[in-house]
Amino acid sequence: MENLNWNGKYKRNVPCLSMLPEDCFAKILALTSPLDVCRISLVSKSFQSAAESDSIWERFLPSDYQSIMSASLTPFPDFPSKKNLYMYLCHHPLLIDAGRKSFSLEKLTGKKCYFLGARDLNIPLVDRPQYWKWISLPESRFPEVAKLKRFWSVDIEGTIRAGVLSPQTSYAAYLVYKFEDEFGFSYRPSKVSVGVFGVELDKRFAILVPEGEESIYSLPSDLENELKKVYEEAVLSNLPSDTEDNDTGLPVDIYLALQHLPLQLLPENVSNRLQLIMQRPKLRDDGWFEVELGEFYTENEDDRIEMNLEELKDCASLKTGLIVEGIEIRPRMG
């Protein structure tokens, strides 16, 4: 048997994948990833048949996909192959749990994704019509979303059991929302956290108002202390010499810059440190905003994962116009 090697010369006794029986080749492909299989199917027609095999794509579907689909409120067609089913679940989230959640697959890996709708979250006083209102929006995947009418603080909590997610996987959780108006949300960041119930959570800060529209007048003491530590450790010698007293002990120019984000006036290492603990919203393709609450790893299937956005207790202000779609949980990529 002769085959070309990488130098264009013939080399004897080198096996070629195309010489393998199709069922054997399919077993090899099943040990790769959906992305790898799609790439290999483009190499040659001899690979394409194996790459379309139901036995391969069955391996990429979650072991409980049939029970998830049977509980779906979303009608779906009959699928000619498991690959078609896989692709459908990547692009068409299924409404489950009486419309309170949605389920889908991450396209490149086949990992499970869940979206907890606002009805599945713990939002204090959400059923008091003087404070919140349940509305329907055509751009939402859920039958209802929660709209803030008028209240002084906003706290949002979601929980999910690690066992319903893909095992041994890094996930991130995102609050998905939009504004009818942003009244009251421009004054202070909120605390956000994600972690296993009963374990101390790693807290960060998040700004809900899109970049360029916020006007933050003061920062929480936790964040000021964190930044002060950065200055003391690394950059005091590079900051302006104006050291007029203020509550934080920081140079006044920098203190004022911190009060009015964005952070162009800060040294790069301080700005980078702040970005690690200050989450900013991003506009999604579906027109909603999302802000990251935190990340976690599915190590123990019995773990209960908590996801929180918590109003800072010392900065309550009247707020209106927030529309909460839910909390999305998807694999951390990269």
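Rules behind the numbers
- Residues numbered from 1 in each chain as written.
- Predicted model: local features only at pLDDT ≥ 70, side-chain atom pairs only at ≥ 80, totals over all residues.
- Heavy atoms only, no water.
- Helix = DSSP H or I, 4+ residues; strand = E, 2+ residues; numbered from the N terminus.
- Buried < 20%, exposed > 50% of the residue type's maximum accessible area, 1.4 Å probe, protein only.
- Contact = heavy atoms within 4.5 Å.
- Areas by Shrake-Rupley, 256 points an atom, 1.4 Å probe, with all protein chains shown as cover.
- Phe/Tyr/Trp six-rings, centres within 6.5 Å; stacked < 30°, edge-to-face > 60°.
- Lys NZ or Arg CZ within 6 Å of the ring centre and 35° of its normal.

### Examining the overall build of the protein chain
What the protein chain contains, in helices and strands, is nine helices and 16 strands. A total of 334 residues make up the protein chain; the buried ones form 49% of that total. Considering only intrachain contacts with a sequence separation of at least 6, the fraction spanning at least 24 residues in the protein chain is 66%. Accessible surface, the protein chain as shown: approximately 17,800 Å² in total, 50% of it carbon and sulfur.

### Quick notes on the packing of aromatic side chains
For the structure on display, the rule yields eleven aromatic pairs. A ring pair is formed by Phe 115 and Phe 142, whose centres lie 5.1 Å apart and whose planes are at 80°; its orientation type is edge-to-face. A residue pair is termed long-range when its members are at least 10 positions apart, and Phe 115 in strand S5 (residues 112–117) and Phe 142 in the loop between strand S6 (132–135) and strand S7 (145–148) qualify at 27 residues. Look at Phe 115 and you get buried, because its relative accessible area is 0%. For Phe 142, a relative accessible area of 3% gives the class buried. Here the aromatic residues Tyr 177, Phe 179, Phe 185 and Phe 289 are joined through ring pairs into a cluster of three or more. Directly above the aromatic system of Trp 134 lies the positively charged group of Arg 119, at a separation of 3.8 Å from the ring centroid. One cation-aromatic arrangement involves Arg 304 over Phe 197; the distance from NZ or CZ to the ring centre is 4.0 Å.

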